[in-house]
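Chain residues, written in single-letter form:
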Amino acid sequence: SHHLLGFINLENHNFFIAIIAALLQYWQAKLTLVKGGPTQSLKFMVYFGPIFSLLILSRLPAALGVYWVVSGLFSLAQQVYINKKIKTEIKSIT
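Because the structure is a prediction, the values reported are computed rather than measured.

Focus on the overall build of the protein
Looking only at helices and strands, one finds three helices and two strands in the protein. Helices and strands appear in the protein in the N-to-C order β-β-α-α-α. Relative to a compact globule of 94 residues, whose C-alpha radius of gyration would be 12 Å, the protein shows 16 Å and is clearly more extended. Taken over the C-alpha atoms alone, the protein extends approximately 60 × 30 × 10 Å along its principal axes. Across the protein, every contact between residues at least 6 apart in sequence was considered, and the portion connecting residues at least 24 apart equals 70%. As presented, the protein carries roughly 7000 Å² of accessible surface, and 69% of it is formed by carbon and sulfur atoms.

Description of the nonpolar core
Grouped together as the largest cluster of nonpolar side chains are 11 residues: Ile8, Leu10, Ile17, Ala18, Ala21, Leu24, Leu57, Ala62, Val66, Val69 and Leu76. Breaking this core down by element, the ones donating at least two residues are helix H1 (15-32) and helix H3 (62-93).

A short note on the packing of H1 against H3
Running from N to C, H1 and H3 point in directions that differ by 20°, and their axes come no closer than 9 Å. The angle between the axes of H1 and H3 places the two elements in the roughly parallel class. The crossing of H1 and H3 is left-handed. Packed against H1, whose contacting residues are Ile17, Ile20, Ala21, Leu24, Trp27, Gln28, Leu31 and Thr32, the element H3 presents Ala62, Gly65, Val66, Trp68, Val69, Leu73, Ser75, Leu76, Gln79, Val80 and Asn83 at the interface. Looking at the contact of H1 with H3, its residues break down into 13 nonpolar, six polar and no charged.

Here we look at a nonpolar patch on the surface
Taken together, the side chains of Phe44, Met45, Phe48 and Phe52 define a hydrophobic patch exposed on the protein surface, amounting to about 410 Å² of accessible area. Within the secondary structure, Phe44 sits in helix H2 (residues 40-57).

What about the side chain of Gln79?
With respect to the helices, strands and loops of the structure, Gln79 is situated in helix H3. What makes Gln79 buried here is its relative accessible area of 14%.

Looking at the confidence of the model for the protein
Of all residues in the protein, 95% attain a pLDDT of 70 or more, and the chain-wide mean is 88. Looking at the elements of the protein, mean pLDDT is at its lowest for strand S1 (residues 3-4), recorded as 80, and at its highest for H1, recorded as 92.

Quick look at H1
Its 18 residues give H1 an end-to-end C-alpha distance of 26 Å, which sits within 8% of 26 Å, the value for a rise of 1.5 Å per residue. Listed in full, the buried residues belonging to H1 are Ile17, Ala18, Ala21, Ala22, Leu24 and Ala29. The buried residues of H1 all sit within an arc of 160° when viewed along its axis, so they share a single face. Residues Phe16 and Leu23 are exposed on H1 and point more than 90 degrees away from its buried face. N-cap assignment for H1: the residue whose side-chain oxygen lies 3.0 Å from the backbone N of Phe16 is Asn14.

Calculation notes
- All residue numbers here refer to positions counted from 1 along the written sequence of the relevant chain.
- Local features in a predicted model are, by the rule used here, given only for residues with pLDDT of at least 70; side-chain atom pairs are given and counted only at 80 or more, and totals for whole chains, interfaces and linings are based on all residues.
- To get the side-chain values, all heavy atoms of the structure are used, and hydrogens and water are removed first.
- Numbering goes from the N terminus for both helices and strands, where a helix is a DSSP run of H or I of at least four residues and a strand is a run of E of at least two.
- When we talk radius of gyration, it's over C-alpha atoms, and the globule rule is simply 2.2 Å times the number of residues to the 0.38.
- The contact criterion used is simple: two residues touch if any of their non-hydrogen atoms lie within 4.5 Å.
- Under the convention used here, a 1.4 Å probe and the Shrake-Rupley method define accessible areas, while residue burial counts only the protein chains that appear.
- Here, nonpolar core means buried Ala, Val, Leu, Ile, Met, Phe, Trp, Tyr and Cys residues that are tied together by side-chain atoms lying within 4.5 Å of each other.
- Working definition: with a 1.4 Å probe on protein chains only, accessible area under 20% of the residue-type maximum means buried, over 50% means exposed, and in between means partly exposed.
- Geometry is summarised by axes, namely lines fitted to C-alpha atoms with helices restricted to the contacting stretch, and by angles between N-to-C directions that run from 0 to 180 degrees.
- What sets the label is the angle itself: under 35 degrees gives roughly parallel, over 145 gives roughly antiparallel, 65 to 115 gives roughly perpendicular, and the rest give oblique.
- Each crossing gets its hand from how the near helix is turned against the far one by less than a right angle, where anticlockwise is left-handed and clockwise is right-handed.
- Ten residue types, Ala, Val, Leu, Ile, Met, Phe, Trp, Tyr, Cys and Pro, are classed as nonpolar, four, Asp, Glu, Lys and Arg, as charged, and the remainder, Gly among them, as polar.
- Only residues whose relative accessible area exceeds 30% and that form no salt bridge are eligible for patches; like-charged ones are grouped when within 9 Å, while nonpolar side chains (Val, Leu, Ile, Met, Phe, Trp, Tyr) are grouped when within 5 Å.
- Basic side-chain nitrogens of Lys or Arg form a salt bridge, by our definition, when they fall within 4 Å of a carboxyl oxygen of Asp or Glu.
- Within a predicted model, pLDDT stands for the predictor's per-residue confidence, ranging from 0 to 100.
- What a helix should span is 1.5 Å times the count of its residues minus one.
- Working definition: the arc comes from the directions between the helix axis and the C-beta atoms, pointing outward to the latter.
- The term polar contact refers here to a pair of N or O atoms within 3.5 Å; inside protein, the definition further demands a hydrogen-donor-capable atom paired with an acceptor-capable atom, and it admits residues adjacent in sequence only when both atoms are side-chain atoms.

Spelled out as C-alpha coordinates, the structure:
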(Lines give C-alpha, C1' and ligand atoms only; values in the text may rest on other atoms or scores of the structure.)
Protein backbone atom coordinates (compact mmCIF):
# COMPACT_ATOMS: atom_id res chain seq x y z
CA SER A 1 0.00 0.00 0.00
CA HIS A 2 1.06 3.60 -0.59
CA HIS A 3 1.45 6.01 2.31
CA LEU A 4 2.16 9.73 2.38
CA LEU A 5 4.82 10.56 4.97
CA GLY A 6 4.31 7.11 6.42
CA PHE A 7 0.90 7.72 7.98
CA ILE A 8 -1.73 8.70 5.36
CA ASN A 9 -2.84 5.75 3.27
CA LEU A 10 -3.30 7.18 -0.21
CA GLU A 11 -5.43 4.26 -1.40
CA ASN A 12 -8.24 4.87 1.12
CA HIS A 13 -10.41 7.93 1.52
CA ASN A 14 -9.27 10.48 4.09
CA PHE A 15 -11.76 13.02 5.44
CA PHE A 16 -9.00 15.24 6.87
CA ILE A 17 -7.41 15.69 3.42
CA ALA A 18 -10.87 16.39 1.95
CA ILE A 19 -11.49 19.11 4.55
CA ILE A 20 -8.13 20.77 3.83
CA ALA A 21 -8.82 20.74 0.08
CA ALA A 22 -12.29 22.25 0.59
CA LEU A 23 -10.95 24.97 2.89
CA LEU A 24 -8.24 25.91 0.40
CA GLN A 25 -10.82 26.06 -2.38
CA TYR A 26 -13.06 28.28 -0.24
CA TRP A 27 -10.19 30.62 0.66
CA GLN A 28 -9.07 30.90 -2.95
CA ALA A 29 -12.64 31.60 -4.11
CA LYS A 30 -13.04 34.33 -1.48
CA LEU A 31 -9.85 35.99 -2.75
CA THR A 32 -11.15 36.06 -6.33
CA LEU A 33 -14.30 37.98 -5.42
CA VAL A 34 -14.20 41.56 -6.65
CA LYS A 35 -15.01 44.24 -4.13
CA GLY A 36 -18.18 46.11 -4.88
CA GLY A 37 -20.62 43.29 -4.64
CA PRO A 38 -20.28 39.96 -6.36
CA THR A 39 -23.39 38.56 -7.98
CA GLN A 40 -25.57 36.12 -6.09
CA SER A 41 -24.44 33.23 -8.31
CA LEU A 42 -20.77 33.93 -7.51
CA LYS A 43 -21.53 34.01 -3.80
CA PHE A 44 -23.33 30.68 -4.19
CA MET A 45 -20.32 29.12 -5.93
CA VAL A 46 -17.94 30.28 -3.18
CA TYR A 47 -19.80 27.98 -0.79
CA PHE A 48 -21.15 25.30 -3.12
CA GLY A 49 -17.80 24.49 -4.76
CA PRO A 50 -15.96 23.59 -1.55
CA ILE A 51 -18.95 21.66 -0.16
CA PHE A 52 -19.24 19.70 -3.40
CA SER A 53 -15.48 19.04 -3.37
CA LEU A 54 -15.70 17.84 0.23
CA LEU A 55 -18.47 15.40 -0.66
CA ILE A 56 -16.56 14.07 -3.67
CA LEU A 57 -13.16 13.80 -1.97
CA SER A 58 -14.55 12.13 1.14
CA ARG A 59 -15.45 9.15 -1.04
CA LEU A 60 -12.36 8.97 -3.26
CA PRO A 61 -8.80 7.82 -2.53
CA ALA A 62 -6.70 10.25 -0.50
CA ALA A 63 -4.21 10.52 -3.37
CA LEU A 64 -6.73 12.59 -5.32
CA GLY A 65 -7.30 14.76 -2.25
CA VAL A 66 -3.56 15.35 -1.92
CA TYR A 67 -3.51 16.40 -5.57
CA TRP A 68 -6.36 18.86 -4.93
CA VAL A 69 -4.58 20.23 -1.84
CA VAL A 70 -1.34 20.84 -3.74
CA SER A 71 -3.24 22.34 -6.66
CA GLY A 72 -5.19 24.51 -4.21
CA LEU A 73 -2.00 25.76 -2.59
CA PHE A 74 -0.57 26.80 -5.96
CA SER A 75 -3.86 28.46 -6.96
CA LEU A 76 -4.03 30.29 -3.65
CA ALA A 77 -0.45 31.54 -3.96
CA GLN A 78 -1.14 32.66 -7.51
CA GLN A 79 -4.28 34.54 -6.46
CA VAL A 80 -2.47 36.28 -3.59
CA TYR A 81 0.27 37.34 -6.01
CA ILE A 82 -2.27 38.62 -8.55
CA ASN A 83 -4.21 40.56 -5.89
CA LYS A 84 -1.01 42.21 -4.62
CA LYS A 85 0.03 43.08 -8.18
CA ILE A 86 -3.37 44.65 -8.89
CA LYS A 87 -3.23 46.71 -5.67
CA THR A 88 0.26 47.95 -6.56
CA GLU A 89 -0.82 48.93 -10.06
CA ILE A 90 -3.93 50.73 -8.78
CA LYS A 91 -1.83 52.70 -6.27
CA SER A 92 0.65 53.69 -8.97
CA ILE A 93 -2.18 54.96 -11.23
CA THR A 94 -3.80 57.11 -8.56
